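Chain by chain, the residues:
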Amino acid sequence: MPSRKYADGEMVMGRWPGSVLYYEVQVASYDDATHLYTVKYKDGTELALKESDIRSQSSFKHRKSQSSSSSPSRRSTSRSRSRSPGRPGRGRRRSSSQSREPKNDKKKAIQETSIALPPVLVLFKPSENNTKRYNGEPESTEKNDTSCIILEHKLKPDLEVKRVLDQYSLRSRKDEKKKEEIYSEKKIFATVKTTEKAPTKTKELEFGGRIGTFTLVLFLPATVLYLLLMCKQDDPSLMNFPALPALESLWETRVFGIFLLWFFLQALFYMLPIGKVVEGLPLSTGKKLQYRINGFYAFIFTAAAIGILLYFQFELHYLYDHFMQFAVSAAAFSLALSIYLYVRSLKAPEEELAPGGNSGYFIYDFFTGHELNPRIGSFDLKYFCELRPGLIGWVVVNLAMLLAEMKIHNLSMPSLSMILVNSFQLLYVVDALWNEEAVLTTMDITHDGFGFMLAFGDLVWVPFVYSLQAFYLVGHPTVISWPVAVAITIVNSIGYYIFRSANSQKNNFRRNPADPKLANLKFIPTATGKGLLVTGWWGFVRHPNYLGDIIMALAWSLPCGFNHILPYFYVIYFICLLVHREARDEHHCKQKYGLAWERYCQRVPYRIFPYIY
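Analysis parameters
Residues numbered from 1 in each chain as written. Predicted model: local features only at pLDDT ≥ 70, side-chain atom pairs only at ≥ 80, totals over all residues. Heavy atoms only, no water. Axes fitted to C-alpha atoms, helices over the stretch in contact; angles between N-to-C directions. Helix = DSSP H or I, 4+ residues; strand = E, 2+ residues; numbered from the N terminus. Parallel < 35°, antiparallel > 145°, perpendicular 65-115°, else oblique. Left-handed = near helix turned anticlockwise from the far one by under 90°. Contact = heavy atoms within 4.5 Å. Nonpolar A, V, L, I, M, F, W, Y, C, P; charged D, E, K, R; others polar. 1 Å grid on protein atoms, 1.4 Å probe; cavity = no way out; pocket = protein on both sides within 12 Å on 5 of 7 lines; lining within 4 Å. Points joined across faces, edges and corners; volume = space filled by probe spheres on them. Phe/Tyr/Trp six-rings, centres within 6.5 Å; stacked < 30°, edge-to-face > 60°. Buried < 20%, exposed > 50% of the residue type's maximum accessible area, 1.4 Å probe, protein only. Core = buried A, V, L, I, M, F, W, Y, C linked by side-chain atoms within 4.5 Å. Domains from an automatic or database assignment. Polar contact = N/O pair within 3.5 Å; in protein donor to acceptor, adjacent residues only side chain to side chain. Salt bridge = Lys/Arg side-chain N within 4 Å of Asp/Glu carboxyl O. Expected span 1.5 Å × (residues − 1). pLDDT = per-residue confidence, 0-100. UniProt positions renumbered as here; feature names shortened; annotations may be inferred.

Any two packed helices are characterised by the angle at which their axes cross and by the distance between the axes. The geometry of helix α16 (residues 416-434) relative to helix α19 (residues 468-475) is characterised by a closest axis approach of 10 Å and an angle of 165 degrees between their N-to-C directions. Classified by the interaxial angle, the pair formed by α16 and α19 is roughly antiparallel. Viewed along their axes, α16 and α19 form a crossing whose handedness is left-handed. Contacts between α16 and α19 pair S417, M418, V421 and Q425 from the former with Q469, A470, L473 and V474 from the latter. Within the contact of α16 with α19, the residues separate by chemical class into five nonpolar, three polar and no charged.

Here is the structure:
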């Protein structure tokens, strides 16, 4: 293995990606696997550079002294000799009446420019792709190669250096830094694509590390079982712990068969050749995966299938009668799926592993997900489970609870509380499926692997815990008046408006920041080429979508009244989940954006709740 040349803490000269400029940087660390140095610039930006992009400070001083020792007049004389007017073709290009004085002034300016340049310049020659990026337009995927030209000052004439300066519009670091501090409304801070690090071992463990993830593997199924047992009791208070059912009563083969039928029916809808095909965000290798956007069509087909079942007198409240068995079946299936995912990930190439699930510890990688995008052919398992079986299943569960309430309490129509819960949560699911493409920019898709955490969350937690309010109302009817219903609807509408408009701003800006519709949005440019919005909802709080989520979760629980805290478990859970995600996002963004994130936090001090947190 080649030994490293520069030590940690050493002050060296590092080339800024995409420019000819070298700046004083400090070596922070060295990766033995990728042979890249992590260096820190004076403005706080941290980048990974190759050894060829780093020079010692002594070499710069030595070359500069050599350059300055040459007499300008001597260089001018030699240059005038080599460019004699008597050279063929020169006389025809210039008028004989031209004065030599402007020509000498021009040469003098060129000489002064060349002396100010570093002795070794590394330039990225812009291709068609790079030109588009500097114009503020989306990056083209057709050309990703960047050719390099190494210019040695002592070998190239000054006129060539001036031409390069004019072509690339190079500026000093001082001017560049001033420009970064101006909030741009029309352009993105352009940077040339840097070399991506190959996936390395996960060093920072979340969820309490190995002990925490092992606990969660046991705790999450137990929590679902506890909540469902509590809802079945006449008095679902926290002090009234439910009796544990017999183990044989928790399993029924027929129920498991129905769950499998449901799962593979949704898989069939997913594979139908309808809906547009889009590309996801670039992976660490630069590759972009393709996804078929047809979740809303799957929802329509599911609604039609349920309608046919009801037409033929199928008793959908069967789901309510065997709700516990369905939850256990889903948990067993998610566990089996997680084992399969981990086993197959052991043979996955290194570049296909999840950056947050490659710790080398079995239980941690099993929980968080070892492989980033496990696929069977073109069938993306993580993307499919993210929106299909669990999310659409949540609506079916709510409908089953509505029918069960009508049957058990002999109602000709559902209660107003049940209608509100079903309507609010139906709107949430339809919105997610209608804006399905937006999920491709979330951390679940771009960062997290597919393991027990997402498999259990998508297939068990979403349909059986998110439907807790509807399940509670079947056994504990709550009567509310129309004015109260209107007030709760207003609360939900406010939360939904914040949630949807904030997500739309973020997703549209990520997809096409040069869109004229976004011209009124201001942002802080970052060294990654992306911008941090500081106007709109993202200038109000750092995570306005989380604020909207919490307000909606409260509106879903209010129709259940205030007799017990159990229906508000979802609100408490959602606040804890989003605070955890927010802390995780803060840490990730601080590492990714450096000084720009600190400036953003100063501009937008509140995280989720304005004037509170």
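The tally for this structure, following the rule as stated, stands at four cavities of 30 Å³ or more. A volume near 50 Å³ is recorded for the largest cavity. Surrounding the largest cavity, E206, F207, G356, G357, T368, H447, D448, G449, M453 and R584 form its lining. Tallied by class, the residues present in the lining of the largest cavity amount to two nonpolar, five polar and three charged.

The next point concerns the packing of aromatic side chains. To describe a pair of aromatic rings, you give the distance between the ring centres and the angle between the ring planes. Following the criterion strictly, the structure yields 40 aromatic pairs and no others. Arranged with centres 5.1 Å apart and planes meeting at 35 degrees, the rings of W251 and F256 form a pair that is tilted. Accessibility expressed as a relative area gives 39% for W251, which makes it partly exposed. Summarising the aromatic geometry, the rings of Y428 and F499 are spaced 5.6 Å apart at their centres and angled 35 degrees between planes, so their arrangement reads as tilted.

Let us now look at the nonpolar core. Judged by nonpolar contacts, the single largest core of 126 residues is most densely connected at M401 and F574. The element that contributes the greatest number of residues to this core is helix α18 (residues 452-465), accounting for eleven residues. Both of domain 2 (205-478) and domain 3 (480-612) provide at least three residues apiece to this core. Membership of the second largest hydrophobic core comes to 15 residues, among which are Y6, L21, Y23 and Y41.

Examined against the element boundaries, S334 turns out to sit in helix α12 (residues 323-345). Judged by its relative accessible area of 0%, S334 is buried. For S334, the side chain forms a polar contact with the main-chain oxygen of A331, separated by 2.8 Å. Apart from residues no more than four positions distant in its own chain, S334 is found in contact with A455, F456, L459 and V460.

The subject of this paragraph is the pattern of salt bridges. Proximity of charged atoms lets side chains of opposite charge pair with each other. Summed over all chains, the structure comprises seven salt bridges. R15 is paired through a salt bridge with D53; the nearest N and O atoms lie 3.2 Å apart. Separated by 38 residues along the polypeptide, R15 in strand β1 (residues 11-15) and D53 in the loop between β4 (46-49) and β5 (54-55) bring together distant segments of the chain. Residues R500 and D431 are paired through a salt bridge, measuring 2.7 Å at the closest nitrogen-oxygen approach. With R500 in helix α20 (residues 482-511) and D431 in helix α16, this pair connects stretches of sequence that are 69 residues apart. A relative accessible area of 5% places D431 in the buried class.

This paragraph deals with helix α22 (residues 569-593). Across its 25 residues, α22 extends 35 Å between first and last C-alpha, which sits within 8% of the 36 Å expected from 1.5 Å per residue. All of the buried residues along α22 are Y570, V571, Y573, F574, L577, L578, E582, R584, D585, E586, C589 and Y593. Elements in contact with the buried residues of α22: α17 (443-446), α18, α19, β13 (531-533), α21 (544-557) and α23 (595-603). Immediately downstream of α22, the backbone of G594 shows phi near 60 degrees, a positive value.

What follows concerns the confidence of the model for the chain. On average, residues of the chain score 77 in pLDDT, and 76% of them reach the 70 mark or higher. Low confidence marks residues 62-104, where pLDDT is under 50. Its contacts with residues over four positions away, or in another chain, come to 20 contacts. Segment residues 106-198: pLDDT under 50, and 149 contacts once partners within four positions in sequence are set aside and those in other chains are kept.

A separate point is the UniProt feature "transmembrane region" (unreviewed entry) in the chain. Under the UniProt annotation, "transmembrane region" (unreviewed entry) lies at residues 211-229, 255-274, 295-314, 326-343, 454-474, 480-499, 520-541 and 561-580. Along residues 255-274 the backbone is 85% helical and 0% strand, and the end-to-end C-alpha distance reaches 31 Å. Split by type, residues 295-314 is 85% helix and 0% strand. Its first and last C-alpha atoms lie 25 Å apart.

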